[in-house]
Amino acid sequence: MACPPSGGASGPYDLRENPLSTPAIPLLLAAEGDGEFHAPTVADFFPPAIFFEGTPFEFNRIMLVRVIAAIFLLTVFVIAARRAKVVPGRFQNIVEMILDFVRNSIAIEVLGQENGRKYFKLIATIFCTVLVMNITSVVPFLNIAGTSVIGLPIVLAAWTYVMYLSAGVKAHGVGGYLKNSLFPPGVPKALYLLLVPIEFLQVFILRPATLVIRLLANMVAGHLMLAICFTATSFFLFDSAGAMKLFGAGTFVAGFAFFLFEIFVAALQAYVFAILTAVYLNMSVEAEH
């Protein structure tokens, strides 16, 4: 493989004779094999349509992943409800453990006993939905998170947004909610000229936006890291030449580490989304904040 040297001089330039090394050199050298390395791109998140191409009802691979995840989630809870026993089995124990965690460690912990029990169903639904949609990123043959395209994060954030606004209005009335949200108590009146626009942006724009961006960014990044590692592993093992195949072991180890980390991130982002939902609800219904 030859390319012009840096500095503008003409003539052949062999990367294997260059004493300097960069992270790109192993990939460039490996391309001298029979194949060619194709790094994953954002095109992964915009697959071709399966049905109804070019219509508002276009159905693609990510939509299929979401449908599969939703069916799985519904099936789990239907089976758990129908087979519920006083002395639970292992399957029922796992489901109850998840629900107990959401109820006690998120809903009641943040909202208190009364409001925690009131909004438990909402928070549990959000937690389980985000968790299952996230975990599809590491499921064989699915290999992408249902939350890695912005549509679903927007729907979940919009649901949270409507719920905490309606909860605040129901608790305080429209005027009381706006006063409670936009005019922090104990602040000199002159500062309201600065604080009211900031509070407005935070309550009505930044809260739902940060829910969407945080979830989307983490799942997009996780998919790309996994795809890069395992694509590189396949490339080094099957398409590269000679000693370059050894790099496949390194990329495989890195890919496995990212695989485990992606499971952790999937659960963490479900927890973060659920607990922020509880926090926003609490800020809406409490008397002052």
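Structural notes, computed from the coordinates.

The rules behind these values
- Residues numbered from 1 in each chain as written.
- Predicted model: local features only at pLDDT ≥ 70, side-chain atom pairs only at ≥ 80, totals over all residues.
- Heavy atoms only, no water.
- Axes fitted to C-alpha atoms, helices over the stretch in contact; angles between N-to-C directions.
- Helix = DSSP H or I, 4+ residues; strand = E, 2+ residues; numbered from the N terminus.
- Parallel < 35°, antiparallel > 145°, perpendicular 65-115°, else oblique.
- Left-handed = near helix turned anticlockwise from the far one by under 90°.
- Contact = heavy atoms within 4.5 Å.
- Nonpolar A, V, L, I, M, F, W, Y, C, P; charged D, E, K, R; others polar.
- Phe/Tyr/Trp six-rings, centres within 6.5 Å; stacked < 30°, edge-to-face > 60°.
- Buried < 20%, exposed > 50% of the residue type's maximum accessible area, 1.4 Å probe, protein only.
- Core = buried A, V, L, I, M, F, W, Y, C linked by side-chain atoms within 4.5 Å.
- Expected span 1.5 Å × (residues − 1).
- Bend = angle between axes of the 7 residues up to and from the residue.
- Lys, Arg positive; Asp, Glu negative; His and termini not counted.
- Salt bridge = Lys/Arg side-chain N within 4 Å of Asp/Glu carboxyl O.
- Polar contact = N/O pair within 3.5 Å; in protein donor to acceptor, adjacent residues only side chain to side chain.

We now examine the packing of helix α2 (residues 61-82) against helix α4 (residues 120-135). Contact geometry for α2 and α4: axes closest at 9 Å, N-to-C directions at 130°. Comparing their axes, α4 and α2 come out oblique. Crossing geometry of α2 relative to α4 is assigned as right-handed. In contact with Arg 66, Ala 69, Ala 70, Phe 72, Leu 73 and Phe 77 of α2, α4 contributes Cys 128, Thr 129, Val 132 and Met 133. When the residues that make up the contact of α2 with α4 are grouped by side-chain class, the tally is eight nonpolar, one polar and one charged.

The next point concerns the packing of aromatic side chains. All chains considered together, the criterion is met by 13 aromatic pairs. For the ring pair Phe 101 and Phe 127, a centre distance of 6.0 Å and an interplane angle of 55° mean the geometry is tilted. Taken as a pair, Phe 101 in helix α3 (residues 90-118) and Phe 127 in helix α4 lie far apart in primary sequence, 26 residues in all. A relative accessible area of 33% means that Phe 101 is categorised as partly exposed. Between Phe 235 and Phe 236 the ring centres are 5.9 Å apart and the planes differ by 55°, which places this aromatic pair in the tilted class.

Moving on: the nonpolar core. With 45 residues, the main nonpolar core has Tyr 119, Ile 123 and Phe 273 as its most contacted residues. When residues of this core are assigned to their parent elements, the largest contribution, eleven residues, is made by helix α7 (residues 247-285). Among all residues touching Ile 123, those that are not within four sequence positions of it are Val 102, Ile 106, Ala 107, Leu 111, Ala 274, Thr 277 and Ala 278. In this structure, Phe 45, Ile 62, Leu 142 and Ile 144 belong to the second largest nonpolar core, which totals seven residues.

On to helix α5 (residues 151-182), then. Spanning 32 residues, α5 covers only 29 Å between terminal C-alpha atoms, well under the ideal 46 Å at 1.5 Å per step. The largest bend in α5 amounts to roughly 110° and is located at Gly 173.

As a further point, take the packing of α4 against α5. In a pair of packed helices, the angle between the axes and the distance between the axes together describe the arrangement. Where α4 contacts α5, the two axes come as close as 12 Å, and the packing angle between them is 170°. Taken as axis vectors, α4 and α5 run roughly antiparallel relative to one another. Here α4 contributes Leu 122, Thr 125, Ile 126, Thr 129, Val 130 and Met 133 to the contact with α5, which in turn contributes Leu 152, Leu 156, Trp 159, Thr 160 and Met 163. Across the contact of α4 with α5, the residue classes break down as eight nonpolar, three polar and no charged.

Right, let's get into the side chain of Glu 262. Checked against the element boundaries, Glu 262 lands in helix α7. Of the side chains bearing the opposite charge, Arg 61 lies closest to the buried Glu 262, which forms no salt bridge; the N-O distance is 12 Å. Reaching out from Glu 262, the side chain makes a polar contact with the side chain of Ser 137 at a distance of 3.3 Å. In contact with Glu 262, other than residues within four places in its own chain, are Ser 137, Val 138, Met 219, Gly 222, His 223 and Leu 226.

Note that all results are geometric; they support no functional claim without further evidence.
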